[in-house]
Amino acid sequence: MSDHQAQDLLSRRYRVMGHHTPLFYEKPLQLVRGEGVWLWDSEGKRYLDVYNNVPHVGHCNPRVVEALSRQASTLNIHTRYLHNNIVDYLERLTATFDDGLQMAMLTCTGSESNELALRMARYCTGGQGIIVTDFAYHGNTEAVAEIGTGFMPESRTTKRVKAFPIPDSYRGIDGLTGEALAQAYADRVQQAIDQFHAEGIKVAGILVCPDFANEGLLNVPAGFLEQAVAKVRQAGGVFIADEVQVGFGRSGKHFWAHQWYDLTPDIVTMGKPMGNGHPLAGVVARPEMIEAFSKESMYFNTFGGNPVSCAVGMAVLDVLEQDNLMQNALTTGAYVTEGLRKLQHKHELIGEVRDLGMFFAVELVRDRTSKAPAKAEARRIINRMRDKGVLISTIGVHDSILKLRPPMPFQPEHADILLQTLDQVLIEMEGGV
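Residues numbered from 1 in each chain as written. Predicted model: local features only at pLDDT ≥ 70, side-chain atom pairs only at ≥ 80, totals over all residues. Heavy atoms only, no water.

What follows deals with the overall build of the protein. Secondary structure assignment for the protein yields twelve helices and 16 strands. For a compact globule of 433 residues, the expected C-alpha radius of gyration is about 22 Å, and the protein comes in at 22 Å, within 12% of that figure. On the principal axes, the C-alpha backbone points of the protein span a range of 60 × 60 × 45 Å. Just so you have it, the protein exposes about 18,700 Å², and 51% of that area is on carbon and sulfur atoms. If you average the places of the 42 positive and of the 51 negative side-chain charges in the protein, the two averages end up 4 Å apart. (Helix = DSSP H or I, 4+ residues; strand = E, 2+ residues; numbered from the N terminus. Rg over C-alpha atoms; globule rule 2.2 N^0.38 Å. Areas by Shrake-Rupley, 256 points an atom, 1.4 Å probe, with all protein chains shown as cover. Lys, Arg positive; Asp, Glu negative; His and termini not counted. Charge placed at Lys NZ, Arg CZ, Asp CG, Glu CD.)

Here it is as structure tokens:
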């Protein structure tokens, strides 16, 4: 595609989608094909995808595509009819959770899942107050935007949401470390509970990503989340774990990110990678909560849980198991982390490297002592990486953390391309190129 054609397509997009619909990169990328960990643009250039978790088992995975096509050519209905696919799928899905989380409800998006979780938590507890981090993002429906302290205007006016500082062991608070830092953050959660009580609002729950991905894939102070959840439960609330980013084995050691902690959620929400790009999402919760809520609300979703979606979901689970992708997340993940830490020793711009299986965050700082965020540098890096054929993005409060979250089939040979390219870009920046 010529520059003129690209500009024409962009202008047409502005006319029908507006000027503020987000686009990646200074020079927007038109993608036309994907396979595994690779993407191709309209000019035939190939890019290594080190960002997208939606194609969890690889872009256009042939087994997933075949399962979708086979069921779509046979029958597609909603869940008011009996069908083996939904029951078979949910039996297999819930078997990956701890005892007590053995019932599910299916939706189409993570936003729907989180909204359903909020409704269930509020109904079952009789409370309204929800506690989140001060840089949260959990979707874009009205109810979920209310808890979107990172981006959403609704969160600035609501009385039903309180936030606590992101539990960040790298930057911390008051110079504290270790147990003292964990306690300090847990005390901030207690402050939110106390504020709700002072305003006459009963606590319904705390909703966080167990990986704290949007906040920067944080190294959470040990013991913090267990303490925070205990305080919320003591106040009558429940714990909702948003597993959209690191669920389905991405952490490598566990199928779900919350299983790294010594606690079990009351509700778990899922989305994006669940269908490898197909709109499949869901909620798993304690059976007594689902039974009580659904008895009164008669939850029904026309497309959530249809036979095609469940066939896709089952195929994703098949590929994860048959291709041993959780083990790959551990081994290749460790390989990437080692390479990133070598780059950290070489380049002063890298303040900290964080990892969780096949998910990595590289915090960029202008000075390692002051830890001043390197936001402009991060923006330059992701655009130069794009120019060189590697796709990454940024996250965090200051948008200064490189976000590396490739599809699960990512291999060491792909990691070498990522690491070599990032090294080249960092050398360019240090040289003022």
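We are not done yet, so read on.
What follows is about the side chain of Q259. Here Q259 is to be found in the loop between β8 (238–242) and β9 (267–270). On the basis of relative accessible area, Q259 is assigned to the buried category, the value being 16%. Not counting residues within four places of it along the chain, the set of residues in contact with Q259 comprises T96, F97, D98 and H254. (Buried < 20%, exposed > 50% of the residue type's maximum accessible area, 1.4 Å probe, protein only. Contact = heavy atoms within 4.5 Å.)

Spatially, β1-β2-β3-β14 is the arrangement adopted by the four strands of the open sheet, whose pairing is mixed. The open sheet has two edge strands with one neighbour each: β1 (31–35) and β14 (390–391). Two elements, β1 and strand β2 (residues 38–41), share four bridges in a ladder whose sense is antiparallel. Paired with L31 across the two strands is D41, which belongs to β2. (Pairing = 2+ DSSP bridges.)

To continue, consider empty space enclosed by the protein. In total, this model carries one cavity of 30 Å³ or more according to the counting rule given. As a volume, the largest cavity reaches approximately 30 Å³. Around the largest cavity, the lining residues are I77, H78, T79, Y81, H83, I86, G305, N306 and P307. (1 Å grid on protein atoms, 1.4 Å probe; cavity = no way out; pocket = protein on both sides within 12 Å on 5 of 7 lines; lining within 4 Å. Points joined across faces, edges and corners; volume = space filled by probe spheres on them.)

Here helix α11 (residues 375–387) is 13 residues long and its end C-alpha atoms lie 19 Å apart, about the 18 Å a rise of 1.5 Å per residue gives. Of all the residues in α11, the buried ones are E377, A378, I381, I382, N383, M385 and R386. The secondary structure elements touched by the buried residues of α11 are β3 (46–49), β12 (360–367), β14, β15 (393–395), β16 (401–404) and α12 (412–430). Of the residues flanking the end of α11, it is G389, one or two places downstream, whose phi is positive at about 90 degrees. (Expected span 1.5 Å × (residues − 1).)

Okay, the packing of helix α4 (residues 110–125) against helix α8 (residues 287–297) next. With their axes 10 Å apart at the nearest point, α4 and α8 run at an angle of 95 degrees to one another. With respect to α8, the element α4 is oriented roughly perpendicular. On the side of α4, the interface is formed by L116, R119, M120, A121, Y123 and C124, while α8 contributes M289, I290, A292, F293, E296 and S297. Here the residues of the contact of α4 with α8 sort into nine nonpolar, one polar and two charged. (Axes fitted to C-alpha atoms, helices over the stretch in contact; angles between N-to-C directions. Parallel < 35°, antiparallel > 145°, perpendicular 65-115°, else oblique. Nonpolar A, V, L, I, M, F, W, Y, C, P; charged D, E, K, R; others polar.)

This paragraph deals with the sheet that holds strand β7 (residues 203–208). Sheet architecture is open: seven strands sit in the order β4-β10-β9-β8-β7-β5-β6, paired in mixed fashion. The open sheet is flanked by β4 (103–107) and β6 (161–164), the only strands paired with a single partner. Averaged over all adjacent pairs, the angle separating strand axes in this sheet is 20 degrees, with direction ignored. Pairing geometry for β8 and β9, over three bridges, is parallel. The residue bridging D242 from the neighbouring strand is T269, located in β9. In the packing of α4 onto the sheet, contacts are made with β4, β5 (129–133), β7, β8, β9 and β10 (281–285), and the angle to β9 comes to roughly 165 degrees.

What follows covers the packing of aromatic side chains. Taken as a whole and assessed by the stated rule, the structure comprises eleven aromatic pairs. Measuring from ring centre to ring centre gives 5.2 Å for F24 and Y51, while their planes differ by 80 degrees; the resulting arrangement is edge-to-face. Remark: Y51 occurs in the loop between β3 and α2 (62–72) and F24 occurs in the loop between α1 (3–17) and β1; sequence separation between them is 27 residues. Judged by relative accessible area, F24 falls into the partly exposed class, the value being 41%. (Phe/Tyr/Trp six-rings, centres within 6.5 Å; stacked < 30°, edge-to-face > 60°.)

What follows deals with the environment of Q327. Along the polypeptide, Q327 turns up in helix α10 (residues 325–346). Look at Q327 and you get partly exposed, because its relative accessible area is 38%. Sequence spacing of Q327 and R250 is 77 residues, and the spatial spacing of their C-alpha atoms is 9.6 Å.

Among the secondary structure elements, S111 is positioned in helix α4. The class for S111 is buried, based on a relative accessible area of 10%. For the pair S111 and T141, spaced 30 residues apart in sequence, the C-alpha to C-alpha distance is 6.2 Å. With residues near it in sequence (within four places) discarded, S111 still touches H138, G139, N140, T141 and V144.

Attention now goes to the pairing of β3. Strand direction decides the pairing type here: β2 and β3, joined by three bridges, are antiparallel. What sits directly across from W40, in β3, is R46. Where β2 folds back on β3, the antiparallel hairpin that results is connected by four residues, among which G44 adopts a positive phi of roughly 90 degrees.

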